[in-house]
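Topology and contacts: notes
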Number of protein chains: 2
Amino acid sequence: MLGLMQDQGLLISSLIEFADRNHGDAPIVSRRVEGDIHRYTYRDAAGRARRVANALDADAIEQGERVATLAWNGYRHFELYFGVSGSGRVLHTLNPRLAPDQVVWIANHAEDRVLCFDMSFLPLVKAVWQRCTTVRKWVALCEADALPADSGIDGLVSYEAWIGAASDRYTWPALDERTAASLCYTSGTTGNPKGALYSHRSTVLHAFAAALPDAMSLSARDSVLPVVPMFHVNAWGTPYAAAMTGAKLVFPGGALDGKSVYELIESEGVTLAAGVPTVWLGLLNHMAQAGARFSTLQRTVIGGSACPPAMIHTFKEQYGVAVLHAWGMTEMSPLGTVCNLKGKQLALPPDEQMKTLVKQGRAIYGVDMKIVDPEGRELPWDGQASGDLLVKGPWIISSYFKGEGGDPLRDGWFPTGDVATIDADGFLQITDRSKDVIKSGGEWISSIDIENIAMAHPAVAMAACIAVPHPKWDERPLLVVMPKPGTHPDRADILRFYEGRVAKWQVPDDVVFVDAIPLGATGKMQKMKLREQFRDHVLPAAG
Amino acid sequence: MLGLMQDQGLLISSLIEFADRNHGDAPIVSRRVEGDIHRYTYRDAAGRARRVANALDADAIEQGERVATLAWNGYRHFELYFGVSGSGRVLHTLNPRLAPDQVVWIANHAEDRVLCFDMSFLPLVKAVWQRCTTVRKWVALCEADALPADSGIDGLVSYEAWIGAASDRYTWPALDERTAASLCYTSGTTGNPKGALYSHRSTVLHAFAAALPDAMSLSARDSVLPVVPMFHVNAWGTPYAAAMTGAKLVFPGGALDGKSVYELIESEGVTLAAGVPTVWLGLLNHMAQAGARFSTLQRTVIGGSACPPAMIHTFKEQYGVAVLHAWGMTEMSPLGTVCNLKGKQLALPPDEQMKTLVKQGRAIYGVDMKIVDPEGRELPWDGQASGDLLVKGPWIISSYFKGEGGDPLRDGWFPTGDVATIDADGFLQITDRSKDVIKSGGEWISSIDIENIAMAHPAVAMAACIAVPHPKWDERPLLVVMPKPGTHPDRADILRFYEGRVAKWQVPDDVVFVDAIPLGATGKMQKMKLREQFRDHVLPAAG
């Protein structure tokens, strides 16, 4: 027997219509690639999203066809989020930090029909457009008069001319909620990138979970700054969750340096900011140099890579800002866990609380997780046992776009590729990526643990710990350090720092100093590149 | 094209499993009808819910069959919520405040197969059991040794014996999420009661929305006291939302007097309490008499009837507790709106904020609402235009159980029977039930407005404003007043109180004093009874 409730699908269009109707005058503020600040409201955005839908109709873009973006976080990108998906097309957010060949490969694999790009990416588009064989229409996210006369791109139109010709009245289709809504490719450190194809249902459910008090806690009293790019797993769903709750949105455009981010936080009364550790490193450096304080910022969501404990300390102790350590994946829309204390932990002394706050957090409802040993047997939640992390839930992929890579699931569970512990309270701690673990004489050494210690050293700006081959122990840890500007730490100095902090056999065998650690297109350290670079490094003990 | 996300239904079983796994040791505290305090955890509750499922299997209760309860808020009732619905049966929460004949009518209409009752309702059950012709099994919610030897009820078993014989291991069925999960009858002031049949999907979506920061804002740091009964629209969904978030649950049993509620709030560190205005009236009276203060309570959700502004004031000014004024209906699972300020209102002076806080609040995402004139034309959201309120959304009924009353929808919208304004910020204000509006000479007088003013008078404990026939004006308002103990207000005294507070023509024509105002089974004033009682009342002006 079925219940007798209204049959209303969970559709992305309903998010923007809700914001229009109930939060029509709530502001959306964008730093444009042009450099100036643009302001308008959810009501304006909803009207322009409807124009996008009509423009796609006029161009005969079919249901399910992909409309790609190469764009920073901004209001036009936001309109495309709703206009494209809401009307039944699939929004494909391309990562402009990828190399041109990669952009071409992904755009062709996705069979993008329309590609909308920020003018700052015109050089990239010029380099790729002739090889993107499925794209029929190129749209520059600018005013008509900002369009260069000689772009060299056939039929290039400006976004404003394109949607300006369309009506702002539109009836959103009553789609099946399982309809594909957006597409995001994994960074693909090994093999070809693979696409995660989100549905309307998964997106709306994820927005509900992301807005909960124990996740990002979004309300109509918040001013939200997604520093995490909208081309990186839909800015962790913040555009959808903000529309669901009527939160003020602040988009940083391409200016992600510490000073620009700080100024935007202050001028727009930002209460919640979300981004990867490397961005916060820049922000904290700026704060320290400028002697600046936050006047409205309450909390930062930090994910994408493990957040060094030192950073959590600094935000909390020096600036009174709570860090919400989070964990997720492109394949998970992306949120899996967020670190918020439980009621029983509130009375603990700060040091004890910090032991929990450095973990990646608890599962949000909808996400189920388990850790297993190499034979697939479930391991206990005791904070000690470490194993492969598997997840399932309604916003986690069942397969990749076009079936690439076959069936990724194991008995219905998605293997994350992370190695983790889970404690008795359900707090997850990622100990490593399974491919980054250092396997030394049958024991595992967590590269993240070793890096976190190095990051607490006053002269270390960034540190990566990688495995190098060892004749006796199979692998041993090598620490790659990028010193802070003006400091000159030496090997012995760094190694001494490990005394008493880890077991002797976990201390790196050697330390090398570099000017820069390579970062991938999503801001993560590219340890694979470091492993290649130092493949032949001779460790002192084995020399 | 469909998205490629995991196909995982929104099931009630997943809520309790989530709580078991992630909040296993979070407490559930119950004041039992036996009088003592019972404590256990979500993990215990989950195990016992699985026992319930196995016990129903053993009794061959079919999928979709109704399992009824006549019970206060407590841990056994909580177990039934999950064990019954999670295993595919329908939980039917009977209202024990109804008259025996009504209980019989509803139980037979619902075709209940099993009926579980608190021992405090044994007299009621004895009076009805032989006429409840579909019930095959009677279960007393007590220990085996508390069962009376001569209950007179054939085959009566104790709950503890019943589930004690069953295993606590059970695999919840992967139901279609639209499967019926629970059934609640409207109080039915006119005609027969009608059943709202909720689904798993509607229940889980409602829990998401109810837990959002702009609704009840539930987290694992909260201690939640649902004073609103679990037989009244599932205690507004708090049991589900608490399981979703790992909040501590505190159940008051049948002790809803001010002193008992206050003591539980203090002893269990309650941060959020939810109930109807009449309960809070009792609590506030106790607080005033005892000179008591709250040490942990942060907010109260008040719904079921309009909350008098004076109560909002008292909670806020005297006790520092925020009142979340809310509005909903049995047909809406029940939440429609909750009153939380928007960011732009935070800087307003308290008096200005109060003008918004006395309204019923903004729609939560998922609920769409509109007001229409008698011809069905949509009215503006200007805070002035008042019209019939219609709603739609995935946790609002499409029809009543067994199709009673035909198709209740108008073009897909459910007519609430309320008359309301909506302001430009989306804040709803119920001006009246359409049947309670006083139609005086072509103008409408809101009975609620008139009552709220009376309630602010220091000598008025409760007040009801009803229409009485009038030869010239069709109808005129009569105020029925229940004075506070020890006070003796007179007619002129009360009427003087309206001077300057409403237009002259809205002032009641007369005031009558009563010892008690009749309350319905859900704590609402029964104005229909008052209208009958005072049908022949002669108004002075018309005398």
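Keep in mind the model is a prediction, meaning the values are calculated, not measured.

What counts, and where the lines are drawn
- Residues numbered from 1 in each chain as written.
- Chains lettered and ligands numbered in written order.
- Predicted model: local features only at pLDDT ≥ 70, side-chain atom pairs only at ≥ 80, totals over all residues.
- Heavy atoms only, no water.
- Contact = heavy atoms within 4.5 Å.
- Buried area = accessible area lost by both parts, 1.4 Å probe.
- Salt bridge = Lys/Arg side-chain N within 4 Å of Asp/Glu carboxyl O.
- Polar contact = N/O pair within 3.5 Å; in protein donor to acceptor, adjacent residues only side chain to side chain.
- Helix = DSSP H or I, 4+ residues; strand = E, 2+ residues; numbered from the N terminus.
- Nonpolar A, V, L, I, M, F, W, Y, C, P; charged D, E, K, R; others polar.
- Buried < 20%, exposed > 50% of the residue type's maximum accessible area, 1.4 Å probe, protein only.
- Pairing = 2+ DSSP bridges.
- Axes fitted to C-alpha atoms, helices over the stretch in contact; angles between N-to-C directions.
- Parallel < 35°, antiparallel > 145°, perpendicular 65-115°, else oblique.
- Left-handed = near helix turned anticlockwise from the far one by under 90°.

Let's shift gears to the interface of chain B and chain A. For interface size, the figure often reported is the accessible area lost on association. On the side of chain A, 79 residues touch chain B, which itself brings 79 residues to the contact. Interface area for chain B against chain A, summed over the two sides, is near 6,000 Å², with a carbon-plus-sulfur share of 56%. The shortest N-O distance in the salt bridge between A:Arg21 and B:Glu378 comes to 2.7 Å. Across the contact surface, chain B and chain A share 40 residue pairs in polar contact (both at pLDDT 80 or more). Counting only elements with at least two residues in the side of chain B that touches chain A, the list comes to α1 (12-22), β9 (195-199), α7 (200-211), α9 (238-245), β16 (362-363), β17 (368-372) and β18 (387-392) of chain B. Broken down by element, the side of chain B that touches chain A gets its largest block of residues, seven residues, from α7(B). Residues belonging to the side of chain B that touches chain A are distributed by class as follows: 39 nonpolar, 22 polar and 18 charged.

Residues and elements named next belong to chain A. Of the consecutive residues Ser-333 and Pro-334, the connecting peptide bond is found in the cis state with omega at 5 degrees. With respect to the helices and strands, the residue Pro-334 is situated in the loop between β14 (322-328) and β15 (335-338). Positive phi, normally seen in glycine, also occurs at Ser-217, with a value near 55 degrees. Note that Ser-217 resides in the loop between α7 (200-211) and β10 (223-226). Judged by its relative accessible area of 19%, Ser-217 falls in the buried class. Even without being a glycine, Ser-333 presents a positive backbone phi close to 75 degrees. Considering the arrangement of structural elements, one finds Ser-333 in the loop between β14 and β15. Relative accessible area serves as the criterion here: at 9%, Ser-333 is assigned to the buried category.

Let us now look at the sheet that holds strand β19 (residues 414-422) of chain B. Residue and element names in this part refer to chain B. Judged by pairing direction, the sheet is antiparallel, and its four strands sit side by side in the order β17-β18-β19-β20 without closing on themselves. The open sheet has two edge strands with one neighbour each: β17 and β20 (428-433). Sheet twist, expressed as the mean angle between neighbouring strand axes with direction ignored, is 45 degrees. In the sheet, β18 pairs with β19 via four bridges, with the strands oriented antiparallel. What sits directly across from Gly-387, in β19, is Ala-420.

Residues and elements named next belong to chain A. Orientation of helix α1 (residues 12-22) relative to helix α9 (residues 238-245), taken along the N-to-C sense of each, is 45 degrees, at an axis distance of 7 Å. Accordingly, the angle class assigned to the pair α1 and α9 is oblique. Once α1 is placed against α9, the crossing between them reads as left-handed. Facing α1, whose interface residues are Ile-12, Leu-15, Phe-18 and Ala-19, α9 presents Tyr-240, Ala-243 and Met-244. Partitioning the contact of α1 with α9 into residue classes produces seven nonpolar, no polar and no charged.

Residues and elements named next belong to chain B. At a minimum axis distance of 9 Å, the contact between α7 and α9 shows a crossing angle of 75 degrees. Considered as vectors, α7 and α9 are oriented roughly perpendicular to each other. Seen from α7, the contacting residues are Thr-203, Val-204, Ala-207, Phe-208, Ala-210 and Ala-211; seen from α9, they are Tyr-240, Ala-241, Met-244 and Thr-245. Across the contact of α7 with α9, the residue classes tally to eight nonpolar, two polar and no charged.

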